[in-house]
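Geometric and topological summary
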Amino acid sequence: MAQPTIRTVAAHAGVSKSLVSLVLRGSSSVSEEKRAAVEDAIRELGYRPNLSARSLTQNRTHIVGVLLNDLRNPWFVDCLEGMTSILQQHDLKMFLADGRLDRSSDESFVRSFMDLRLDGLALVGTRRPTPAIAEAAALIPTVVVASRDLDFPGVDVVANDDELGTRLAVEHLVAQGHRRITHIAGTGAVADIRAQSYHDAMVSHGLKRHIRVEPGGMTEDAGHAACSRILDGRTRPTAIFAVNDIVAIGAMTACQERGLSIPQQVSIVGYDNTSIAQLRHVRLTSVENATIEVGERAATALVDRIADPDRPGSLTLVPPAIQVRGSTAPPAP
């Protein structure tokens, strides 16, 4: 059986093709009687609009491209949940790409998004600026999410207030009596902000001589390797603040492999408060990154940017909170 077309819908409803098009576009110039006739015909025939034809007619695809840093990190999944709820309210669908396997693929994904003439682009997570990304940001309404690496004119940035979040983590440990607090750093602008904020918070509490920033990364393996180097050093810290939850998990494993109990001998704090931190056997104290709210605000900014692409770019920082669980306690005597 042939798929129904806009022509067969018009014939079934006893109206013109152009009137069916007006109904599909939600025009207010159609009478309620004829709108009901068209909608009845659509339901009875099982008609589905041709997205390509709709795009040509409206000069819109009603699709946004979302380029992620690494879908393996559960933070991004929660962020997507927040974005999806807002995009659906505005009849926008999502094309999703994950650039974690090959950073050079970021270029090809972005160019594909441009070729598809998508309505908008969301760049989620840390990534370096490239010619393709700069070109896309100039041509497509764009929002940068959970990153401070990209700074282009007319681009909105929605991220966590990492300075405040880091200060909350350090202050929580200091309030419990910790002084030897080590930071496992990551890579990218957000990680650099957290490392600098750790340094500033330690100085503000008179703990400058205890500052130690161990280079790491953004993965569990990086956290494990960095923590192993820390524990094999001459002076063991009583607490470790990791750049994110995944890195903190790697640090916890390194402690457990050396027979160190958490939090009795080493307290550990992560960042992002992902679903992993909330597992009962993990119980990781972590900085709540307002993940879903970041996604919602980013999607709202993208919808506004699509409606008004020439407005100035904006920076929105969502305030975090500390979620205390079982991985932190006062240091042992």
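Predicted model only: the values in this text are computed from it and were never measured.

Concerning the overall build of the protein
Within the protein, the secondary structure is distributed over 12 helices and 12 strands. For the protein, the C-alpha radius of gyration of 25 Å lies well beyond 20 Å, the compact-globule estimate for 333 residues. A principal-axis box enclosing the C-alpha atoms of the protein has dimensions of 85 × 40 × 30 Å. Nonlocal contacts in the protein, meaning residues at least 24 apart in sequence, comprise 69% of its contacts between residues at least 6 apart. Considering the protein, the positive charge centre built from 35 side chains and the negative charge centre built from 38 side chains are found 3 Å apart.

Examining the side chain of His-210
With respect to the element layout, His-210 can be found in the loop between α9 (189-204) and β7 (212-214). Discounting chain neighbours no more than four positions away, the residues touching His-210 are Arg-179, Arg-180, Ile-181, Tyr-198 and Met-202.

Thoughts on the sheet that holds strand β6 (residues 181-184)
Ordered in space as β7-β6-β8-β9-β10-β12, the six strands form an open sheet in which the pairing is mixed. Looking at the sheet topology across the chains shown, the edges are occupied by β7 and β12 (321-323). Recorded for the sheet is a direction-independent mean angle of 25 degrees between the axes of neighbouring strands. Bridge count between strand β9 (residues 267-272) and strand β10 (residues 285-288): four bridges; the pairing is parallel. Note on β10: the bridge partner recorded for Tyr-271 is Val-287.

Observations regarding the pattern of salt bridges
This model, assessed by the stated rule, comprises 10 salt bridges. Between Asp-156 and Arg-311 there is a salt bridge, and its shortest N-O distance comes to 3.2 Å. On the criterion of sequence distance, the pair formed by Asp-156 in strand β5 (residues 156-160) and Arg-311 in the loop between α12 (291-307) and β11 (315-318) is long-range, its members being 155 residues apart. Accessibility expressed as a relative area gives 21% for Arg-311, which makes it partly exposed. Taking the shortest distance from any N to any O, the salt bridge between Glu-214 and Arg-229 comes out at 2.7 Å. Taken together, the residues span a long stretch of sequence, with Glu-214 in strand β7 and Arg-229 in helix α10 (residues 220-231) at a distance of 15 residues.

A word on a nonpolar patch on the surface
Residues Leu-71, Val-77 and Leu-96 make up a contiguous nonpolar surface patch of about 230 Å² in total accessible area. If you trace the backbone, Leu-96 turns up in strand β2 (residues 93-98). With a relative accessible area of 43%, Leu-96 lands in the partly exposed category.

A word on the domain arrangement of the protein
On domain assignment, one finds that the protein holds domain 1 (6-49), domain 2 (63-160 + 291-318) and domain 3 (162-289). Averaged C-alpha coordinates put domain 1 and domain 2 at centres separated by 35 Å.

What to know about α10
With 12 residues, α10 should cover 16 Å at 1.5 Å per step; its first-to-last C-alpha distance of 16 Å lies within 8% of that length. Ala-222, Gly-223, Ala-226, Cys-227, Ser-228, Ile-230 and Leu-231 are the residues of α10 that are buried. Elements in contact with the buried residues of α10: β6, β7, β8 (239-242) and α11 (245-257).

Quick look at the nonpolar core
Within the largest apolar cluster, 26 residues are counted, with the highest numbers of intra-cluster contacts made by Val-66, Trp-75, Met-83, Ala-122, Val-124, Val-143 and Val-145. Of all the secondary-structure elements, those providing two or more residues to this core are β1 (63-68), α5 (74-89), β3 (120-124), β4 (142-145) and α12. Apart from the residues within four sequence positions on either side, Ala-122 is in contact with Gly-65, Val-66, Leu-67, Met-83, Val-143, Val-145 and Leu-302. Counting residues in hydrophobic clusters, the runner-up holds 23 residues, among them Ala-191, Cys-227, Val-247 and Ile-268.

Conventions used here
Residues numbered from 1 in each chain as written. Predicted model: local features only at pLDDT ≥ 70, side-chain atom pairs only at ≥ 80, totals over all residues. Heavy atoms only, no water. Helix = DSSP H or I, 4+ residues; strand = E, 2+ residues; numbered from the N terminus. Rg over C-alpha atoms; globule rule 2.2 N^0.38 Å. Contact = heavy atoms within 4.5 Å. Lys, Arg positive; Asp, Glu negative; His and termini not counted. Charge placed at Lys NZ, Arg CZ, Asp CG, Glu CD. Pairing = 2+ DSSP bridges. Axes fitted to C-alpha atoms, helices over the stretch in contact; angles between N-to-C directions. Salt bridge = Lys/Arg side-chain N within 4 Å of Asp/Glu carboxyl O. Buried < 20%, exposed > 50% of the residue type's maximum accessible area, 1.4 Å probe, protein only. Patch = residues over 30% accessible without salt bridge, like charges linked within 9 Å, V, L, I, M, F, W, Y side chains within 5 Å. Areas by Shrake-Rupley, 256 points an atom, 1.4 Å probe, with all protein chains shown as cover. Domains from an automatic or database assignment. Expected span 1.5 Å × (residues − 1). Core = buried A, V, L, I, M, F, W, Y, C linked by side-chain atoms within 4.5 Å.

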